[in-house]
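Okay, here's what each chain looks like letter by letter:
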Amino acid sequence: MDRSLLPSDEVEAVARRFDVLGVPARLRLLSALHAKGEQTVGALVEATGFRQSNVSKHLGRLTEEGLLARRREGVHVYYTLDDPTLGALCMLVSRRLRDEAER
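To keep things clear, this report deals only with the structure shown in the data block. Please read all numbers here as calculations on a predicted model, not as lab measurements.

1. Points about the overall build of the protein
If you tally the helices and strands in the protein, you get five helices and three strands. Helices (α) and strands (β) of the protein occur, in sequence order from the N terminus, as α-α-β-α-α-β-β-α. In terms of principal-axis extent, the alpha carbons of the protein reach across some 55 × 35 × 20 Å. Looking at the protein residue by residue over its 103 residues, the buried ones come to 27%. Contacts in the protein between residues at least 24 apart in sequence constitute 48% of all its contacts with a sequence separation of at least 6. Total accessible area computed for the protein in this model is approximately 7400 Å², and 53% of it derives from carbon and sulfur atoms. Within the protein, one finds 16 positive and 15 negative side-chain charges whose respective centroids are separated by 6 Å.

2. What about the side chain of T48?
With respect to the secondary-structure elements, T48 resides in helix α3 (residues 41-48). At 2.7 Å, the side chain of T48 and the backbone oxygen of L44 are in polar contact. Setting aside its immediate chain neighbours within four residues, T48 contacts R28, L29 and V55.

3. Observations concerning a nonpolar patch on the surface
Residues L92, V93 and L97 make up a contiguous nonpolar surface patch of about 290 Å² in total accessible area. Checked against the element boundaries, L92 lands in helix α5 (residues 86-102). The exposure class assigned to L92 is exposed, which follows from its relative accessible area of 55%.

4. A few points about the pairing of strand β2 (residues 68-73)
Note that β2 and strand β3 (residues 76-81) share six bridges and pair antiparallel. Directly across from R70, in β3, lies its bridge partner Y79. Counting the residues that bridge the hairpin from β2 to β3 gives two residues, and of these G74 lies at a positive phi of roughly 65°.

Conventions adopted
- Residues numbered from 1 in each chain as written.
- Predicted model: local features only at pLDDT ≥ 70, side-chain atom pairs only at ≥ 80, totals over all residues.
- Heavy atoms only, no water.
- Helix = DSSP H or I, 4+ residues; strand = E, 2+ residues; numbered from the N terminus.
- Buried < 20%, exposed > 50% of the residue type's maximum accessible area, 1.4 Å probe, protein only.
- Contact = heavy atoms within 4.5 Å.
- Areas by Shrake-Rupley, 256 points an atom, 1.4 Å probe, with all protein chains shown as cover.
- Lys, Arg positive; Asp, Glu negative; His and termini not counted.
- Charge placed at Lys NZ, Arg CZ, Asp CG, Glu CD.
- Polar contact = N/O pair within 3.5 Å; in protein donor to acceptor, adjacent residues only side chain to side chain.
- Patch = residues over 30% accessible without salt bridge, like charges linked within 9 Å, V, L, I, M, F, W, Y side chains within 5 Å.
- Salt bridge = Lys/Arg side-chain N within 4 Å of Asp/Glu carboxyl O.
- Pairing = 2+ DSSP bridges.

What follows is the structure, encoded as structure tokens:
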């Protein structure tokens, strides 16, 4: 019986996903999008306090990885979460870390 954590042909893709999620600024952006839904770069700059260029760079990377969707309306670009597993994944990891801290 194969008890691998994940199929060997998916290891690289899973590692890439965790690499993208391993940046605190990106997690803050994802959290802001989760809390308020679709937002512009300007709204995310205001929500996080990050510089606009930094926000744009991270949003681009998150979009490339398929975690965000974007749409253009006039001069504004709106971003929204596009991976339904993000909330559950972050909650699982967060809960585990709290449990470990309580021991």
